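What the coordinates show
Listed here are the chains, written in short residue letters.
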Amino acid sequence: MASNIRYLSTRGESTGASYDEIVLRGLASDGGLFMPESYPQVTAETLESWRKLPYAELAFEVLRLFASGIDEAALKEICRSTYTEKTYCNAREGDDPKDITPVRWLEDGIGLLELSNGPTLAFKDMAMQYLGALFEHLLAREGKTLNILGATSGDTGSAAEYAMRGRKGIRVFMLSPYGRMSDFQRAQMYSLEDPNIFNIAVRGTFDQAQDIVKAVSNDHAFKSAHSIGTVNSINWARVAAQVVYYFKGWLAAAEKGEAISFAVPSGNFGDVLAGWIAKQMGLPIASLIVATNENDVLTEFFETGVYHPRDAAHTYVTSSPSMDISRASNFERFIFDIVGRDPEVLKRLWHVMATEGEFRLTGELWERVLASGFTAGKSTHADRLATIRDTWERLGVMIDPHTADGLKVAREKRLPGVKCLCLETAQAAKFSKTIIEATGTVPAIPASCADLLSLPQRCEVMDPETENVKQFIDRHTKE
Ligand SMILES: *Cc1c(COP(=O)(O)O)cnc(C)c1O
């Protein structure tokens, strides 16, 4: 077995559960998020011994520290089959195709950690592809099937579909708002022909689609009768898989013992949380720079100690849409560490937030946040355009709007003399409208996606009614 680490809930339930049990469960039964009982430690010597490992082997070394209940040989095979040159084939010209996550230096001490070379051209492939292989293994082992239900406004849904397509024991039912995604995102999802992928386009908004998913999930009888599950960003297996590329980035950029910083375009706080965990494991990280767009709840928190999530009416639609989130679900895991892993303190804060709309950290707790190495900054539409244009005209590198938010804030908040890697969370080709607005140039589409827009598309269009979706799932899970 890979490790004997146990998991507990941020809300107090000490489950004693292992990794193989929690990854299929999502939330703990008390509504909290799963966390490892303690963070495995990696010494400077171990880090040095990982210098030359290919991505798949590094992933195995890091993930085995978390993967209790999984057979080591099986985990090794999952990593080997996931992190291949073939799957991550969309690297920039000049990058080494064997390097799953290349680093590209832009200017003195600032580089991009390129995480978007997978099939959907966004960093979510890095963890989702692994999750697909892991689920397939676990379901085969238990003789079970899983029907994944989700709602997407673009990136998550396509990453999930490309990770699960053709896998045994798994079906995906993905709701999307009809006519409200970019042409590229629509083509990516609706052109899939795999019989286990079902695209449901609802005549309504993303929020309506999301509400239907919640309604179906709250019908516990239907949920268990149809083996419904999710793959959202609170899934621990996704967070742990993201820890790997912080190690990979550090190994590519730093000398022995050298602390570097990471700047992370953030929405649900899953990506940057993985950096926090890498730091807790002993990776020398000087600072974690959280970049937000106009939806700046996290920036406000790291500047003032006030956490004030916004409601839907105050969540803005921006040109970095995958960061249009005002309630960052993984934030609870960070706060759990900040309150000394005391679930009673955490529950008190969440209660204050529920009754007063916000909480404020003061005194010793706020001191801990200040000492955590986190800083944050905000980037607006104008900043985004300026950063995309400048990076293109001055450096000849095309970046996407989310990465531009990260880079803008990285330049502002980096520590003098400390290297900083900005996580590249998507490729420009996915967001051509904004790229054209910024540069007047149409971004190049990677070869693997070249004919995507001309492929036939299929999806099931329906009115946004929970009953319609239930009936559709029922019909397609019978055999
Ligand atoms: C999901 C996503 C983000 C935000 O990541 P979180 O883990 O939710 O903080 C940023 N950029 C892109 C392109 C994304 O798809």
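Residues numbered from 1 in each chain as written. Predicted model: local features only at pLDDT ≥ 70, side-chain atom pairs only at ≥ 80, totals over all residues. Heavy atoms only, no water.

Identification of the protein as Threonine synthase from Mesosutterella multiformis is taken from an unreviewed UniProt entry. Taken verbatim from the UniProt record of the protein, the Cofactor (unreviewed entry) comment is "pyridoxal 5'-phosphate". Check the Sequence similarities (unreviewed entry) section of the UniProt entry for the protein; it says "Belongs to the threonine synthase family." (UniProt positions renumbered as here; feature names shortened; annotations may be inferred.)

1. Some points on the state of the cysteines
Applying the stated criterion across every chain yields a total of 0 disulfides. Take Cys 79: it sits in no disulfide, and the sulfur closest to it among the cysteines is that of Cys 89, at 20 Å. With relative accessibility at 0%, the residue Cys 79 sits in the buried group. Left without a disulfide partner, Cys 89 is nearest to the cysteine sulfur of Cys 449, which lies 7.5 Å away. (Disulfide = S-S within 2.5 Å. Buried < 20%, exposed > 50% of the residue type's maximum accessible area, 1.4 Å probe, protein only.)

2. As for the packing of aromatic side chains
All told, the structure shown has 27 aromatic pairs when counted by the stated rule. Here Phe 198 and Phe 472 contribute two aromatic rings whose centre-to-centre distance is 5.9 Å and whose plane-to-plane angle is 80°, an arrangement assigned as edge-to-face. You can see Phe 198 sitting in strand β7 (residues 197-202) and its partner Phe 472 sitting in helix α19 (residues 466-476), a full 274 residues away along the chain. Residue classification places Phe 198 among the buried positions, given a relative accessible area of 12%. What links up through ring pairs into an aromatic cluster is the set Phe 269, Trp 276, Phe 301, Phe 302, Tyr 307, Phe 331, Phe 334, Trp 350, Phe 359, Trp 366 and Phe 374. Stacked on the ring of Tyr 39, the Lys or Arg Arg 341 has its end atom at 5.1 Å from the ring centre. Its guanidinium or amino end placed over the ring of Phe 222, Lys 470 lies 5.6 Å from that ring's centre, counting from NZ or CZ. (Phe/Tyr/Trp six-rings, centres within 6.5 Å; stacked < 30°, edge-to-face > 60°. Helix = DSSP H or I, 4+ residues; strand = E, 2+ residues; numbered from the N terminus. Lys NZ or Arg CZ within 6 Å of the ring centre and 35° of its normal.)

3. Details of the site of the ligand
Close contacts around the ligand come from 15 residues, with Lys 124, Asp 155, Gly 267, Asn 268 and Asp 271 the closest. Between Lys 124 and the ligand, the recorded distance is 2.5 Å, taken from a side-chain N or O atom to an oxygen atom. One of the backbone N or O atoms of Gly 270 is found 3.2 Å from an oxygen atom in the ligand. Summarising the interface, the protein chains cover 96% of the accessible area of the ligand, which totals 380 Å² for the free molecule. Of the residues in the shell around the ligand, the class split is 5 nonpolar, 7 polar and 3 charged. (Near = heavy atom within 4 Å. Polar contact = N/O pair within 3.5 Å; in protein donor to acceptor, adjacent residues only side chain to side chain. Areas by Shrake-Rupley, 256 points an atom, 1.4 Å probe, with all protein chains shown as cover. Nonpolar A, V, L, I, M, F, W, Y, C, P; charged D, E, K, R; others polar.)

4. Thoughts on the sheet that holds strand β14 (residues 420-424)
In space, the 6 strands of this open sheet follow the order β3-β4-β14-β9-β10-β13, with mixed pairing throughout. Both outer strands of the open sheet, β3 (103-107) and β13 (374-378), are each paired with one neighbouring strand and no more. On average, each strand axis in the sheet is tilted by 25° relative to the strand beside it, whichever way the strands run. Alignment of strand β10 (residues 285-292) against β13, held across 5 bridges, turns out to be parallel. Within β13, the residue paired with Leu 288 across the bridge is Phe 374. Together, β9 (260-265), β10, β13 and β14 form the strand contacts of helix α11 (residues 270-280), whose direction differs from that of β10 by roughly 170°. (Pairing = 2+ DSSP bridges. Axes fitted to C-alpha atoms, helices over the stretch in contact; angles between N-to-C directions. Contact = heavy atoms within 4.5 Å.)

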